[in-house]
Amino acid sequence: MIINKIYSLLLLCLLFVACQNVQAKDRSLNFDSDWKFHLGDIPEAVKSEYDDSRWRRLNLPHDWSIEGDFSESNPAGFGGGALPGGTSWYRKTFTIDGKQKGKKIFIDFDGVYMHSEVYINGQLLGKRPNGYISFRYDMTPYIKYGQPNVIAVKVDNSKQPNSRWYSGSGIYRHVWLTILEPVHVDLWGTYVTTPEVSPEKADLAVATTVKNDNAASCDVEITSIILDAQNKEIYKATKTTQVVSGGKSVCNQTLAVFNPHLWTVENPYLYKIKTELRVAGKLTDTYYTTTGIRTFVFNDKQGFFLNGEPMKIKGVCLHHDLGCLGSAVNARAIERQLEILKEMGCNGIRTAHNPPAPELLDLCDRMGFIVQDEVFDMWTKNKSKYDYGNDFVEWYERDLTDFILRDRNHPSIFTWSIGNEIWEQWSHDPGDTLTLEQATTMFNLQDILTRKEEYKKMHPYSLIPLRLIEIVKKLDTTRPISIANNETEKKNLLLQTNGLDIIGFNYNNHNWDKFPEMYPGQKLLITESTSGLMTRGYYEMPSDSIFIRPHAEKAKFDRPNKECSSYDNCHVPWGSTHEKSWNMVKNTNYIPGFYVWTGFDYIGEPTPFEYPSRSSYFGIIDLAGFPKDVYYMYQSEWTDKEVLHLFPHWNWQKGQDIDMWVYYNNADEVELFVNGKSQGVKAKGKNDYHLCWRVRYEPGTVKAISRKAGKVVKEQEICTAGDPMQIRLTADRSTIKADGKDLSFVTVEILDKDGTLCPDADNLVHLEVSGNAFIAGVDNGSPYSMERFKDNKRKVFYGKCLVVLQNNGSKGKAVLKATSKGLKATEITISGN
């Protein structure tokens, strides 16, 4: 009880300071700490007086599914990662000082999966079925000032399957408490565009939505200030508008930046708009908006231009989970993913297939990625029995509106996607019973039907995208709208109105070169491609054979070892190799770029296998964040770094024929040696992306040397590994923030006595942490391991595993110790500052 009182007083002080400091950048107080959690449905938990003292205490974001055991009986199925769902409750007690009376008090959720219900002091604030959308509730009428208030959140993820991939469960994104004066900038209330951009000057159009919750109308003075990357004021404009009581008003201003720094993927320069509101000379709100200045064009003949310069979008698709951390958002974990992708040369992200965490978009703004922001994986037709398709008709307009309003200021976003592989695209479904009259009522198509007489003769599904496009265009006219289609023929119902700005192709490589004749004058973007299948560390020879799995004629594919070759010679029937897809994009001018499926492996959808596989094989990088070999093919093509990547390992059966591959760039040729004996010099042809030598294995050393103009550029040597003898720990960062959230990703490797990685090692490693950190998760990149993600031990997979250390909120040092039977123990120190 004493501890609770102390906490309430501390929070009260924090709230008071946050509300008094109206000029602070952040208007919201992070509301993640000290929640109570119970797994299971307790209807009485809605009541303020309910006793939750025995519930688990935790901080958000939180994903309870990732804490569970893998099981074939979990209703999510192997497609959902074979992890548990269920229903849960979260509760938090807090106090608001009486001095805050008269202000508006909101609670903001970045995302709750799924079917959330939010209550304050027993009063229902609202429900949201969509597990990925961000939303706000006004708590003001129900707040008890100077007394404890209880926020209660029910999260229902019990009806499964409701996703084709791992969703996670719970309040898995951040929560914010926002306290504002009655006159304030509305939620997501600024809209910044750059209608005119030249090297000498950029005009910024700023539309600010002002909300007046006072009892009387008032004149509001809106001042918009442009700040550069050093927070230096460079332009200011002021305008006054009248806002009626209880209403909103949009104030439009034009600002200027002279000699602007343009946002590019290499130098993603960011400006901020500082918005100040005043009533009768008194400052009532300060609001910040990040923006970037750039121009771009999608051309039907020449592809994509950024700031007038041609470039290819070299992108990947990303699901939202963070490997062993599950879906619980952590900014450092997202940043690490983007750093690894940036090092590969990637410049684009597609948010597959739902609104992403705000932190992902913030990082893409700052790090320079071209984003396709995607909102729906289904419309009215379900892909899983209990998915969002059941709620689409009731909620699509609200969710799509909130999605665009939240994200439209991000300079990294270049296209909107209103759907992925929507089943309404297919014209051959005999079960279609939707009539035009029904669709008109469900989707408010009355105005759309008056535009063209031919619309009345079309299939109702053809008109749904027009309604979604209409909603988007009312909110943002600066970006093209697309749908990711896996039906690329003209019989696709969603393409028949010609309403999309860009036609998105998923796979169907055979139609890429036919696009100009199929869709004359229209623009193409490869929204999803490849779906290569790879298990890091596993190789299937001969490497010049293509393994298509599952076979087209076989719905289910199985094999004992649950592995796919890492030679880039294994893919799904609808996909292709990485090299083939990239070759077509690289050499076709009208293709602006593509998004590879996928950047990272993700939990769920373990194609081509079923349980006990529980995560994907599609990633260029495995679930633990370890690059697969094809990563270096992309790096050799997408960067100017000097690349020489020789693989596979050099531990085989004596006398076995082994295919040694090399990815390289910045060189004319590569020579391969086995135990000092040359195996020949080779060079890539015009459309070659690797070199291959078939050599006879003998223990020792294999070596590759790349040369340019006769001079050595790079060398790489791989030695035969002996028996496992020691453990090596390598941290991505040895110093992290002492904020309770920052992470250090520690790679664990099993080595022989000479320090060579043992490529076939599967040792169980025990992990012990002392000091100011704890183990947030463990992984090894295996798509079929049944080991828990939350544990203090892990088997290595092909010689490696990963430990994620999280700071516990205090400064000092943490020591991670790793031990394994028969091996020399080791430890590493991580500092928290």
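Residues numbered from 1 in each chain as written. Predicted model: local features only at pLDDT ≥ 70, side-chain atom pairs only at ≥ 80, totals over all residues. Heavy atoms only, no water.

S.K.: Would you take a moment to explain the overall build of the protein for this structure?
M.R.: The number of helices and strands found in the protein is 10 helices and 46 strands. Computed over C-alpha atoms, the radius of gyration of the protein comes to 28 Å, within 12% of the 28 Å expected from 2.2 N^0.38 for 833 residues, which places it in the range of a compact globule. Judged by the C-alpha coordinates and their principal axes, the protein covers about 90 × 70 × 60 Å. Long-range contacts, defined here as pairs at least 24 residues apart, represent 70% of the contacts in the protein between residues at least 6 apart. Carbon and sulfur atoms provide 49% of the accessible area of the protein, an area that totals close to 32200 Å². (Helix = DSSP H or I, 4+ residues; strand = E, 2+ residues; numbered from the N terminus. Rg over C-alpha atoms; globule rule 2.2 N^0.38 Å. Contact = heavy atoms within 4.5 Å. Areas by Shrake-Rupley, 256 points an atom, 1.4 Å probe, with all protein chains shown as cover.)

S.K.: Whenever I open this one, the packing of aromatic side chains confuses me. Can you help?
M.R.: For any two aromatic rings, the description comes down to two numbers: the centre-to-centre distance and the angle of the planes. Taken as a whole and judged by the stated rule, the model has 46 aromatic pairs. Each ring, one from F37 and one from Y90, has its centre 4.9 Å from the other, and the planes form 45 degrees; the classification is tilted. Of the two residues, F37 is situated in strand β2 (residues 35-39) and Y90 in strand β4 (residues 86-95); the sequence distance between them amounts to 53 residues. Overall, F37 belongs to the buried group, its relative accessible area being 6%. A residue is classified by how much of its surface remains accessible, and Y90, at 0% relative accessible area, is buried. Here the aromatic rings of F296 and F298 are separated by 6.1 Å at their centres, their planes lie at 85 degrees, and the arrangement is edge-to-face. For the residue pair F296 and F298, the accessibility class agrees, reading buried in each case. These aromatic residues form a ring-pair network of at least three members: F376, W379, Y388, F392, Y396 and F443. Just above the ring of F31 sits the side chain of K92; from NZ or CZ to the centre is 4.6 Å. We note R336 situated over the ring of F745; from NZ or CZ to the ring centre the distance is 4.1 Å. (Phe/Tyr/Trp six-rings, centres within 6.5 Å; stacked < 30°, edge-to-face > 60°. Buried < 20%, exposed > 50% of the residue type's maximum accessible area, 1.4 Å probe, protein only. Lys NZ or Arg CZ within 6 Å of the ring centre and 35° of its normal.)

S.K.: What's the story with the sheet that holds strand β17 (residues 282-291) in this structure? I'm lost.
M.R.: Where strands meet in a sheet, backbone hydrogen bonds hold them as pairs that are either parallel or antiparallel. Here 4 strands make up an open sheet; going across it, the order is β14-β13-β16-β17 and the pairing antiparallel. Lying at the two open borders of the sheet, with one neighbouring strand each, are β14 (233-243) and β17. Here the strands of the sheet are splayed against their neighbours by 20 degrees on average, with no regard to which way each runs. Taken together, the 10 bridges between strand β13 (residues 218-227) and β14 define a ladder with antiparallel strand orientation. When the sheet's bridge partners are listed, I222 is paired in β14 with K239. (Pairing = 2+ DSSP bridges. Axes fitted to C-alpha atoms, helices over the stretch in contact; angles between N-to-C directions.)

S.K.: How do you make sense of the sheet that holds strand β30 (residues 593-597) when you look at a structure like this?
M.R.: Here we have 8 strands rolled up into a closed barrel, ordered β21-β22-β23-β24-β25-β26-β27-β30, and parallel in their pairing. Strand-to-strand twist of the sheet, defined as the mean angle between neighbouring strand axes without regard to direction, takes the value 25 degrees. Running over the sheet, helix α2 (residues 331-344) touches β21 (313-318) and β22 (348-351) and is turned about 150 degrees from β21.

S.K.: Just checking my understanding: could you explain the pattern of salt bridges for this structure?
M.R.: Pairing of side chains with opposite charge becomes possible as their charged atoms draw close. If you walk through the whole model with that rule in mind, you get 56 salt bridges. Of the charged contacts in the structure, one is a salt bridge between R27 and D285, with a shortest N-O distance of 2.8 Å. In this pair, R27 is assigned in the loop between α1 (2-20) and β1 (28-30) and D285 in strand β17, connecting sequence segments 258 residues apart. You can call R27 buried: its relative accessible area is 16%. Residue E181 pairs with K103 through a salt bridge whose shortest N-O separation is 3.8 Å. Separated by 78 residues along the polypeptide, E181 in the loop between β10 (175-180) and β11 (183-197) and K103 in the loop between β4 and β5 (104-109) bring together distant segments of the chain. According to the relative accessible area criterion, K103 is buried, its value standing at 11%. Look at the salt bridges and you will find they share partners, linking R332, E335, E339, R366 and D732 into a network. (Salt bridge = Lys/Arg side-chain N within 4 Å of Asp/Glu carboxyl O.)

S.K.: Where do I start with the packing of helix α5 (residues 436-443) against helix α7 (residues 460-475) in this structure?
M.R.: Relative orientation and spacing of two packed helices are given, respectively, by the angle between their axes and the distance between those axes. Contact geometry for α5 and α7: axes closest at 10 Å, N-to-C directions at 15 degrees. One finds that α5 runs roughly parallel with respect to α7. For the crossing formed where α5 meets α7, the hand is right-handed. Facing α5, whose interface residues are L436, A439 and F443, α7 presents P460, L463, I464 and R467. Taken together, the residues that form the contact of α5 with α7 break down as 6 nonpolar, no polar and 1 charged. (Parallel < 35°, antiparallel > 145°, perpendicular 65-115°, else oblique. Left-handed = near helix turned anticlockwise from the far one by under 90°. Nonpolar A, V, L, I, M, F, W, Y, C, P; charged D, E, K, R; others polar.)

S.K.: When you look at the packing of helix α4 (residues 392-407) against α7 in this model, what are you seeing that I'm missing?
M.R.: Contact geometry for α4 and α7: axes closest at 9 Å, N-to-C directions at 30 degrees. It follows that α4 is roughly parallel to α7 by the angle criterion. By crossing handedness, the relation of α4 to α7 is classed as right-handed. Here F392, Y396, E397, L400, T401, I404 and L405 of α4 come into contact with α7, specifically with R467, L468, I471, V472 and L475. Along the lines of polarity and charge, the residues of the contact of α4 with α7 split into 9 nonpolar, 1 polar and 2 charged.

S.K.: So what exactly am I meant to see when it comes to unusual backbone geometry here?
M.R.: With the exception of glycine, the majority of residues adopt a negative phi angle, and the majority of peptide bonds are in the trans configuration. Cis geometry marks the peptide bond from W597 to T598, where omega comes out at -5 degrees. Here T598 is to be found in the loop between β30 and α10 (630-638). With omega at 10 degrees, the peptide bond leading from T607 into P608 counts as cis. The phi dihedral of A280 falls on the positive side, at around 55 degrees, and the residue is not glycine.

S.K.: What should I look at first to understand the environment of N675 in this one?
M.R.: If you trace the backbone, N675 turns up in the loop between β33 (669-674) and β34 (677-682). Residue N675 is classed as partly exposed on the basis of its relative accessible area, which comes to 35%. It is 62 Å that separates the C-alpha atoms of N675 and G499, two residues lying 176 residues apart in sequence. Those residues in contact with N675 that sit more than four places away from it in its chain are E698, P699, G700 and T701. Only 2.7 Å separates the side chain of N675 from the side chain of E698, close enough to count as a polar contact. (Polar contact = N/O pair within 3.5 Å; in protein donor to acceptor, adjacent residues only side chain to side chain.)

S.K.: Can you help me understand the pairing of strand β45 (residues 812-819) in this one?
M.R.: Looking down a regular strand, the side chains alternate between one sheet face and the other. Bridge count between strand β41 (residues 764-771) and β45: 6 bridges; the pairing is antiparallel. Looking at the pairing, G771 lines up with A814 of β45. Pairing between β45 and strand β46 (residues 826-832): 7 bridges, direction antiparallel. If you follow V815 over to β46, its bridge partner there is T829. Hairpin remark: β45 followed by β46, antiparallel, with 6 residues in the connecting loop; positive phi at G822, about 85 degrees.

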